[in-house]
2 protein chains.
Amino acid sequence: MPSEQDQIEASIIAAVLAGRFRPGTRLGESVLAGLYGVSRTLVREALMRLQTRGIVQVSARRGWFIVEPSAGEAHAAYEARKVIETGLMLSIGQIPPETLKHLREHVEAEHSAIQGPDVTSRVCLLGDFHVHLAEAFGNPVLTEILQNLTARTTLISMLYQSSDAAEESSDDHGIILDALEAGDLPLAAKLMAEHLDRVEAGLDLTARTDPLADLRDILVPGTSDAKPSSAKTVPDEPGPDHRKPINQIK
Amino acid sequence: MPSEQDQIEASIIAAVLAGRFRPGTRLGESVLAGLYGVSRTLVREALMRLQTRGIVQVSARRGWFIVEPSAGEAHAAYEARKVIETGLMLSIGQIPPETLKHLREHVEAEHSAIQGPDVTSRVCLLGDFHVHLAEAFGNPVLTEILQNLTARTTLISMLYQSSDAAEESSDDHGIILDALEAGDLPLAAKLMAEHLDRVEAGLDLTARTDPLADLRDILVPGTSDAKPSSAKTVPDEPGPDHRKPINQIK
DNA sequence: TCCCGCAGTCTTGTATACGAGACAGGTAGG
DNA sequence: CCTACCTGTCTCGTATACAAGACTGCGGGA
């Protein structure tokens, strides 16, 4: 059942969630086809599915790119999460002890990851908490929606995150769990809303890697805070340059 | 910008929303390609996008079909809508008078349509109300999500709707608008939840065209007992794999 | 030296070709 | 008469071929 397409799709998503793809990275159909050892058709279909999930976008006859959400889109994504997850908290009812235990363990894992140096797994775990919460509700439709939204916000935090308040986030998760355990749903909802607000507030929506930032700053001083180290241009396809006989890594 | 694919996708969605496709209808790639005068490739890509939106599904080497949500999936879809739209009502804040006026006009249009004999436009309008409400919130992400969910529930009501309580629905919409106008968000949320419950309750989740129903009833009496109206059975995936007769539309 | 134009190359966009699995209908055997 | 098999046809799944737009780099002219 896991068709090759699904594998490609999952592989790209995993790479995105793991932070191995920066927003704006170009994903050439031919390159990916070569990497996966399949034809462009499969790659293309996987990319189109990712497009409807808001992970990648295509620019006509230029290529596929990991999405670079604008500040507005970033806000919209967090707002959507706030609406949905707040509603979820209010409707979730009693969570089975078993599930609650798993969530606890997840938060534990977050704490451990925060101690470690691995930023990637940390970000991954912090996002996963929300997905697992959705799973606890037992509604596959909602779970899928929140999965997509979480992937999107992961990209956003990769673009804009200034202060990495991972510890704070994890603490929030614990407190939300407390409220759920106590059965105080309105409190959980309130905490969730505040948590998401806090995460969004932790972003620096002016920090975007924007090649035009300097220019804009010169022309209209004050619109973009000059971030010294952000003068990086669009990251160009890393890795060994191809143009060789296509290396099948099957 | 409006690529041919988008047109195909939109065309199919429109047909679904208009009720011109029954759930379970087969959509052959070749047939559609012939109808639209394009190659199978474009049709296929449009169908895959519809697949991620939950409108169609593919059965390997058999064909594409308009989804036939199971009773469990139907419940999940309504529950998801309840969670999201409830959260939406609580967060929507003050609606601009202009927008409110448009929504009023929409409800008026619903009322008019209910008098008329056109079931199609009626169903369409009733669903559109919720989409417009999402638009009023001004969040494109949420709007898109609710668009998809609404399309899905439209399919569901086509499968299961027993009592066509259109008038009641439209009245509900009006009352919800009242609450919003008064700025009583918790009330609006409560009304919305009740409204969606009512709509779901109006479905007969045992009424599905299931060729195996009788057989199953004979073999395992009591499984598909037809309780007159209060049948709030939440069957856990009875068995999604019914070999249904294929509606050829050649 | 700088600017404009032009061609080459690379990309996606679309169509077509071919293969494998699934279903249907007929046929032979019991 | 019924059952089991077998073959033909139709479908999607995947690969490949061709077309057309977009960016790049070079060269000529002011």
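Residues numbered from 1 in each chain as written. Chains lettered and ligands numbered in written order. Predicted model: local features only at pLDDT ≥ 70, side-chain atom pairs only at ≥ 80, totals over all residues. Heavy atoms only, no water.

Looking at an unreviewed UniProt entry, one finds chain A named GntR family transcriptional regulator and attributed to Flaviflagellibacter deserti.

Contacts to DNA strand C come from 22 residues, most closely from Glu29 and Arg44 of chain A together with Ser39, Thr41 and Arg62 of chain B. Among the atoms of DNA strand C lying within 4 Å of the protein, the sugar-phosphate backbone contributes 67%. Between a phosphate oxygen of DNA strand C and a main-chain N or O atom of Glu29 of chain A, the distance comes to 3.0 Å. Measuring from a base nitrogen of DNA strand C, one finds a side-chain N or O atom of Arg40 of chain A at 3.1 Å. Sorting the residues of the surface near DNA strand C by element identifies β1 (26-27), α2 (29-36), α3 (40-52) and β3 (63-66) of chain A together with α3 (40-52) of chain B as the ones contributing at least two each. With three residues, α3 of chain B is the single largest residue contributor to the surface near DNA strand C. (Near = heavy atom within 4 Å. Polar contact = N/O pair within 3.5 Å; in protein donor to acceptor, adjacent residues only side chain to side chain. Helix = DSSP H or I, 4+ residues; strand = E, 2+ residues; numbered from the N terminus.)

For the rest of this paragraph, the subject is the interface of chain A and chain B. Contacts between the two partners involve 26 residues from chain A and, on the opposite side, 26 residues from chain B. Counting each side, the surface lost to burial between chain A and chain B is near 2100 Å², with a carbon and sulfur contribution of 69%. Counting every contact that joins chain A to chain B gives two salt bridges. Ionic pairing is found between Glu45 of chain A and Arg44 of chain B, a salt bridge with its closest N-O pair at 2.8 Å. Counting every contact that joins chain A to chain B gives seven residue pairs in polar contact (both at pLDDT 80 or more). (Contact = heavy atoms within 4.5 Å. Buried area = accessible area lost by both parts, 1.4 Å probe. Salt bridge = Lys/Arg side-chain N within 4 Å of Asp/Glu carboxyl O.)

Before going further, it helps to examine the packing of helix α4 (residues 71-91) of chain B against helix α9 (residues 185-201) of chain B. Residue and element names in this part refer to chain B. The geometry of α4 relative to α9 is characterised by a closest axis approach of 8 Å and an angle of 165° between their N-to-C directions. Taken as axis vectors, α4 and α9 run roughly antiparallel relative to one another. Handedness of the crossing formed by α4 with α9: right-handed. Of the residues in α9, those touching α4 at His75, Tyr78, Arg81, Lys82, Glu85, Thr86, Met89 and Leu90 are Leu185, Pro186, Ala188, Ala189, Met192, Ala193, Leu196, Asp197, Val199 and Glu200. (Axes fitted to C-alpha atoms, helices over the stretch in contact; angles between N-to-C directions. Parallel < 35°, antiparallel > 145°, perpendicular 65-115°, else oblique. Left-handed = near helix turned anticlockwise from the far one by under 90°.)

Before going further, it helps to spend a moment on the protein's contact with DNA strand D. Near DNA strand D there are 18 residues, and of these Ser39, Thr41 and Arg61 of chain A together with Arg40 and Arg44 of chain B occur at the shortest range. At the protein interface, 70% of the atoms of DNA strand D within 4 Å belong to sugar or phosphate. Between DNA strand D and the protein, one listed contact pairs a phosphate oxygen with a backbone N or O atom of Glu29 of chain B at 3.0 Å. Arg61 of chain B is positioned such that a nitrogen or oxygen atom in its backbone is 3.4 Å from a sugar or linking oxygen of DNA strand D. Secondary structure elements with two or more residues in the surface near DNA strand D: α3 of chain A together with β1 (26-27), α3 and β3 (63-66) of chain B. Partitioned by chemical class, the residues of the surface near DNA strand D number six nonpolar, five polar and seven charged. (Nonpolar A, V, L, I, M, F, W, Y, C, P; charged D, E, K, R; others polar.)

What follows is about the environment of Ala113 of chain B. Residues and elements named next belong to chain B. Mapped onto the secondary structure, Ala113 falls in helix α5 (residues 97-115). A relative accessible area of 14% places Ala113 in the buried class. Between the C-alpha atoms of Ala113 and Leu126, which are 13 residues apart in sequence, the distance is 9.6 Å. (Buried < 20%, exposed > 50% of the residue type's maximum accessible area, 1.4 Å probe, protein only.)

Let's shift gears to the environment of Gly127 of chain A. One can find Gly127 of chain A in helix α6 (residues 119-137). Along the backbone, Gly127 of chain A and Gln147 of chain A are 20 residues apart, and their C-alpha atoms lie at a distance of 8.9 Å.

The next thing to look at is the side chain of Arg49 of chain A. Looking at where Arg49 of chain A falls in the secondary structure, it is placed in helix α3. Arg49 of chain A has contacts with Gln5, Asp6 and Glu9 of chain A together with Met48, Gln51 and Thr52 of chain B, leaving out every residue within four places of it along the chain.

In this section: the packing of α4 of chain B against helix α6 (residues 119-137) of chain B. Residues and elements named next belong to chain B. At a minimum axis separation of 11 Å, α4 and α6 run at an interaxial angle of 40°. In terms of their interaxial angle, α4 and α6 are classed as oblique. For the pair α4 and α6, the crossing hand works out as left-handed. Note on element contacts: α6 touches α4 through His130, Leu133, Ala134 and Phe137, opposite Arg81, Glu85, Leu88, Met89 and Ser91. Partitioning the contact of α4 with α6 into residue classes produces five nonpolar, two polar and two charged.

The next subject is the pairing of β3 of chain B. Every regular strand shows the same layout, with side chains that alternate between the two sheet faces. Residue and element names in this part refer to chain B. Side chains Gly63 and Phe65 project from β3 onto one buried face, and the interleaved Trp64 and Ile66 project onto a second face that is buried too. Where β1 and β3 come together, two bridges link them in antiparallel fashion. By the bridge assignment, Leu27 is partnered in β3 with Trp64. Relative to β3, strand β2 (residues 56-59) runs antiparallel, the two being bridged by four bridges. In the strand pairing of β3, Val58 is matched with Trp64. A loop of three residues connects β2 with β3, the two strands running antiparallel in sequence, and Arg61 in this loop sits at a positive phi of about 60°. (Pairing = 2+ DSSP bridges.)

To continue, consider the sheet that holds β3 of chain A. An order of β1-β3-β2 (chain A) is seen for the three strands of this open sheet, with the pairing classed as antiparallel. Single-partner strands in this sheet number two, and they are β1 and β2 (56-59) of chain A.

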